[in-house]
Amino acid sequence: MGLKTISKLKKELDKWFSIYIRLREANEYGMCQCFTCGIVRHYKDGMQNGHFQSRKHLATRFDEENCQVQCVKCNVYAWGEQYKFALGLDGKYGEGKAEELLYLARTTVKISRVEYKEKISYYKSLVDKLKKEKGIE
């Protein structure tokens, strides 16, 4: 069996990171609220890992502050609701957070195969921990 390609590792990390972001905000019933419109749904039902700065920017793709739960409507059909997202970030993390992420996104980052594997392992274990703590599947 050969080594997984970087793109396969990135895809696997995307999966575990997304589950983590949604579970992080979920209550004991698995319900979470969209960061930009406020709708409440189960973390597996139409909720996504929304990125303030696009996933194309590797420097912020797996940044826990750059990523918040969003419903499909806001994340996909309303292009992430950038303005509301920025206001929400500044409200949650402090004035200037959105601007900080904007600059961080434009920095160059390279993630090695080993780092991808470490991050996958880290987020997998966080997902397991959150599911146990909250008693949800």
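The sections below set out a description of the structure shown in this document. Not measured: the values here are computed from a predicted model. (Residues numbered from 1 in each chain as written. Predicted model: local features only at pLDDT ≥ 70, side-chain atom pairs only at ≥ 80, totals over all residues. Heavy atoms only, no water.)

**A word on the overall build of the protein**
Consideration 1: In terms of regular secondary structure, the protein is built from six helices and four strands.
Consideration 2: When the helices and strands of the protein are read in sequence order from the N terminus, they spell out α-β-β-β-α-β-α-α-α-α.
Consideration 3: Its C-alpha atoms give the protein a radius of gyration of 15 Å, within 12% of the compact-globule value 14 Å for 137 residues.
Consideration 4: Within the protein, the fraction of its 137 residues that count as buried is 43%.
Consideration 5: By sequence separation, contacts in the protein at least 24 residues apart represent 70% of the contacts at least 6 residues apart.
Consideration 6: Accessible surface for the protein amounts to roughly 8100 Å². Of this, 54% is attributable to carbon and sulfur atoms. (Helix = DSSP H or I, 4+ residues; strand = E, 2+ residues; numbered from the N terminus. Rg over C-alpha atoms; globule rule 2.2 N^0.38 Å. Buried < 20%, exposed > 50% of the residue type's maximum accessible area, 1.4 Å probe, protein only. Contact = heavy atoms within 4.5 Å. Areas by Shrake-Rupley, 256 points an atom, 1.4 Å probe, with all protein chains shown as cover.)

**Notes on the side chain of Asp-63**
Consideration 1: Within the secondary structure, Asp-63 sits in the loop between helix 2 (58–61) and strand 4 (67–71).
Consideration 2: With no salt bridge to any partner, buried Asp-63 finds its closest opposite charge in Lys-97, at an N-O distance of 6.3 Å.
Consideration 3: Leaving out residues up to four positions away in the same chain, Asp-63 has contacts with Phe-17, Leu-101 and Leu-104. (Lys, Arg positive; Asp, Glu negative; His and termini not counted. Salt bridge = Lys/Arg side-chain N within 4 Å of Asp/Glu carboxyl O.)

**So, the pairing of strand 4**
Consideration 1: Along strand 4, five of the five residues are buried, which leaves the element largely enclosed by surrounding structure.
Consideration 2: Side chains Cys-67, Val-69 and Cys-71 of strand 4 all project onto a buried face; the interleaved residues Gln-68 and Gln-70 project onto the opposite face, where all are buried too.
Consideration 3: Sheet analysis places strand 3 (residues 47–51) next to strand 4, joined by five bridges and oriented antiparallel. Paired with Gly-50 across the strands is Gln-68, a residue of strand 4. (Pairing = 2+ DSSP bridges.)

**Some thoughts on unusual backbone geometry**
Note: most peptide bonds trans; most residues except glycine with negative phi.
Consideration 1: Positive phi is not limited to glycine here, since Trp-79 has a value of about 50 degrees.
Consideration 2: Examined against the element boundaries, Trp-79 turns out to sit in the loop between helix 3 (72–77) and helix 4 (82–93).
Consideration 3: Under the relative-accessibility criterion, Trp-79 is labelled exposed at 71%.
Consideration 4: In this model, Glu-81 sits at a positive phi of 50 degrees, which is unusual for a non-glycine residue.
Consideration 5: Judged by its relative accessible area of 23%, Glu-81 falls in the partly exposed class.

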